[in-house]
Amino acid sequence: MGQCFSDVNGGKQAVGGATTAAASGPNDAVDHFFRARGQHSLSTQIELSLSASKLLDLDFTSKSDPMAVVYMKRRDGKLEEIGRTEVILNSLEPSWIQKINIAYQFETVQMLTFRVYDVDSKYHNLPVTTLKLQDQDFLGETTCAVSEIITKRDRSLTLNLRNTNGIRGSGNKGTLTVRADETVASRNAIELRFRCSALENKDTFSTSDPFLRISRASENGGYIPICKTEVVNNNLNPTWKPLCLTMQQFMSKENPLLIECFDFNTNGNHVLIGKVQKSVAEIEALHQSRACANLISPPSAFRHHEKIMKSQIFVDGFVEKQLYSFIDYISSGYELNFMVAVDFTASNGNPTTPGSLHYIDHSGRLNAYQQAIMEVGEVIQFYDSDRRFPAWGFGGITPNGSVSHCFNLNGSPTDFEVEGVEGIMAAYSAALHNVSLSGPTLFGRVIDKAADIAGHSLSCNQAKYYILLIITDGVVSDLNETINSVVKASDLPLSILIVGVGDADFKNMEILDADNGRRLESTSGRVATRDIVQFVPMREVHAGQISVVQSLLEELPSQFLSYMRCRDFKPLNVPQF
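Residues numbered from 1 in each chain as written. Predicted model: local features only at pLDDT ≥ 70, side-chain atom pairs only at ≥ 80, totals over all residues. Heavy atoms only, no water.

### Quick notes on the packing of aromatic side chains
- Applying the stated criterion to the full structure yields 16 aromatic pairs.
- When the ring of Phe326 is compared with that of Phe560, the centres are 5.2 Å apart and the planes differ by 85°; the resulting orientation is edge-to-face. In this pair, Phe326 is assigned in helix α5 (residues 326–332) and Phe560 in helix α13 (residues 556–566), connecting sequence segments 234 residues apart. Here Phe326 and Phe560 have matching classes, each one buried.
- Judged by centre distance (6.2 Å) and plane angle (25°), the ring pair of Tyr369 and Tyr428 falls under stacked. Highlighted residues: Tyr369 in helix α6 (residues 368–383) and Tyr428 in helix α7 (residues 420–434), separated in sequence by 59 residues.
- A relative accessible area of 0% means that Tyr369 is categorised as buried. (Phe/Tyr/Trp six-rings, centres within 6.5 Å; stacked < 30°, edge-to-face > 60°. Helix = DSSP H or I, 4+ residues; strand = E, 2+ residues; numbered from the N terminus. Buried < 20%, exposed > 50% of the residue type's maximum accessible area, 1.4 Å probe, protein only.)

Spelled out as structure tokens, the structure:
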């Protein structure tokens, strides 16, 4: 039986074969940050494949829609989320495609907790990373050490699911199987474009909605799903968007791949139209010879043997590619340059009163902005090549008596750069004595200023990428203007990191951070080339829900790589064609 995979668009989107964003894997920006400080032991990157069996069925009219969430226990005993699978619709026997990547440290006991949830149908059109787990139905959890999986002969471990209190419930909650594979250190990838012709129609009153699922052969004789195409509606001669498979996914050109074509059904009971088994080498040969392969129909209750079908699959595209990593670019000489903007609007409260986010405590206790500057500064200073930051303020009345929505934080009429985190702190403290809080909160001017700098660098062919850090209390007055500025800047080597301080409503910030799967659209109808905004609420960092390093660098590699790949820029030590 096939499965329905949901992350965006009701399970009809592709999974595991993206071509523009960073390939799923460890965040090497975070890893590089810690390694440079000697805080990482020698480790091996591994990926976990998850499947489950005999899950609880909590839906009345259909089956559960399971998603797995994986946590690692930190030194302080708290659980830190490290990844989520996609949602599989209407299945009590899910085999998830999305892998979970971890750094295995053999000298450390790394305890993992796996929790399985039934995702409510009203959330099926949202990316899984945005789902609030308290809104989903809990199906069960289990724990194990990474070493327990690694030491198994087939690196696969099956665990019983239980209640959160560790006590098994009266009913069987099913099992979870975890498989570990070492990550292949290779940049090699292939981009494939498939189409089919004369597919057999499996629908009675309409035409089939076909999609492909690709799995690789494992050592135990089974198959591990690695990706699927999007669904093409009402079409027996479909052409799918390109898929990009890394060597980590297909292992070698000789390794057999199982390509299955299903008719999509919203109830999750997808009907297998036909299948074919080919290695990557054989798929390449089909492309070069412009030949096709006939799909095979599996045995059925009425036919005890396989049948060669008239349905055919073609390989319209086969391109071998090199997928360079974030660190490949940085180590080759690409520079990251950070810019900082601080909110001086009246919504922060009177700086002379202790309740203000800008209150300077003479005992040395840092206010919310100073904490953000210090904590964020450690991270951004590491990645900034010259430690000189353009620094601005916005929403304040400057010494000349006018409200400015982009003024130099150090008070200089011409020079907007400060040196190091200490320079930002000093300029900020001085500005509080010279600038009066006002408003409204306008991000657009600061974003436009940063975009001008990034655009000038691009026109001069400089190997630089810019990150604008905006520290704000979250009350935004110019959402449409800000969106227009962000959309305009999405073509430039620029990311925008918004850090929210205080307890304000950050809904507008979450709109800018296009984590709902939809790119921002300007008032003129222009759609952003890519997602360039990331929002981090410091209250969640301080509550221990997320680490400041992980949260700040979470999306930077993928945003950086999406820009480099859409421009076809290669690392500086690689010949540019």
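### Comments concerning the pattern of salt bridges
- All told, the structure shown has 18 salt bridges when counted by the stated rule.
- Its salt-bridge partner being Arg216, residue Asp181 comes within 3.4 Å of it at the nearest N-O pair. Of this pair, Asp181 sits in strand β10 (residues 175–182) while Arg216 sits in strand β12 (residues 210–217); the two residues are 35 residues apart in sequence, bridging distant segments of the chain. Of the two residues examined, Asp181 and Arg216, each falls in the buried class.
- For Arg213, the salt bridge identified is with Glu260, shortest N-O distance 3.1 Å. Taken together, the residues Arg213 in strand β12 and Glu260 in strand β15 (residues 256–263) connect sequence positions 47 residues apart. Here Arg213 matches Glu260 in class, with each residue buried.
- Where salt bridges share partners, they join Arg155, Arg179, Asp181 and Arg216 into one cluster. (Salt bridge = Lys/Arg side-chain N within 4 Å of Asp/Glu carboxyl O.)

### Section: the sheet that holds strand β3 (residues 66–73)
- Taken in spatial order, the 4 strands line up as β4-β3-β7-β8 in an open sheet, and their pairing is antiparallel. Single-partner strands in this sheet number two, and they are β4 (79–84) and β8 (137–145). Within this sheet the neighbouring strands show an average axis-to-axis angle of 25°, counted without direction.
- As judged from the 8 bridges shared by strand β7 (residues 111–118) and β8, these two strands associate in the antiparallel manner. Note that in β8 the partner of Leu112 across the bridge is Cys144. (Pairing = 2+ DSSP bridges. Axes fitted to C-alpha atoms, helices over the stretch in contact; angles between N-to-C directions.)

### Structural notes on the packing of α6 against α7
- Direction vectors running N to C along α6 and α7 enclose 155°, while the axes themselves pass 9 Å from each other. If you check the angle between α6 and α7, you find them roughly antiparallel. The way α6 lies across α7 gives a crossing that is right-handed. For the pair α6 and α7, the contacting residues are Tyr369, Gln370, Ile373, Met374, Gly377, Glu378 and Gln381 in the first and Gly420, Val421, Glu422, Ile424, Met425, Tyr428 and Ser429 in the second. (Parallel < 35°, antiparallel > 145°, perpendicular 65-115°, else oblique. Left-handed = near helix turned anticlockwise from the far one by under 90°. Contact = heavy atoms within 4.5 Å.)

### Topic: the layout of surface pockets
- Considered as a void within the structure, the second largest pocket measures approximately 320 Å³ in volume.
- Where the lining of the second largest pocket is concerned, the elements lending two or more residues are α6 and α11 (538–542).
- No other element matches α11, which puts 3 residues into the lining of the second largest pocket.
- Of the residues assigned to the lining of the second largest pocket, the class counts are 7 nonpolar, 5 polar and 3 charged. (1 Å grid on protein atoms, 1.4 Å probe; cavity = no way out; pocket = protein on both sides within 12 Å on 5 of 7 lines; lining within 4 Å. Points joined across faces, edges and corners; volume = space filled by probe spheres on them. Nonpolar A, V, L, I, M, F, W, Y, C, P; charged D, E, K, R; others polar.)

### Observations concerning helix α9 (residues 479–489)
- All of the buried residues along α9 are Leu479, Thr482, Ile483, Ser485, Val486, Val487 and Ala489.
- Tucked inside the fold, the buried residues of α9 contact α8 (444–459), β27 (494–500), α10 (507–512) and β28 (533–537).

### Focus on the sheet that holds strand β22 (residues 403–404)
- Reading across from one edge, β22-β21-β25 is the order of the 3 strands in this open sheet, with antiparallel pairing throughout. Looking at strand neighbours, the two that pair on one side only are β22 and β25 (436–437), the edges of this open sheet.
- In terms of strand pairing, strand β21 (residues 396–397) meets β22 through 2 bridges, oriented antiparallel. Considered in β22, the bridge of Gly396 is made with Ser404.

### Notes on the nonpolar core
- By size, the foremost hydrophobic cluster in this structure holds 49 residues, and its most contacted members are Leu336, Phe344, Leu409, Tyr428, Tyr465, Leu469 and Phe560.
- Listed by contribution, the elements that provide at least two residues to this core are α5, β19 (335–343), α6, β20 (388–394), α7, β26 (464–472), β27 and α13.
- Among the nonpolar cores identified, the runner-up in size contains 32 residues, and Met339, Leu479, Ile498 and Met509 belong to it. (Core = buried A, V, L, I, M, F, W, Y, C linked by side-chain atoms within 4.5 Å.)

### Section: the side chain of Thr113
- Relative to the elements of secondary structure, Thr113 occurs in strand β7.
- Setting aside residues no more than four positions away along its own chain, Thr113 makes contact with Val69, Val70, Tyr71, Leu79, Glu141, Thr142 and Thr143.

### Regarding unusual backbone geometry
- Following Gly439, the chain continues into Pro440 via a peptide bond in cis, with omega recorded as 0°.
- Residue placement: Pro440 occurs in the loop between β25 and α8.
- You will see that Asn234, though not glycine, has its phi angle at about 50°, which is positive.
- Looking at the secondary structure, you find Asn234 in the loop between β13 (223–228) and β14 (243–246).

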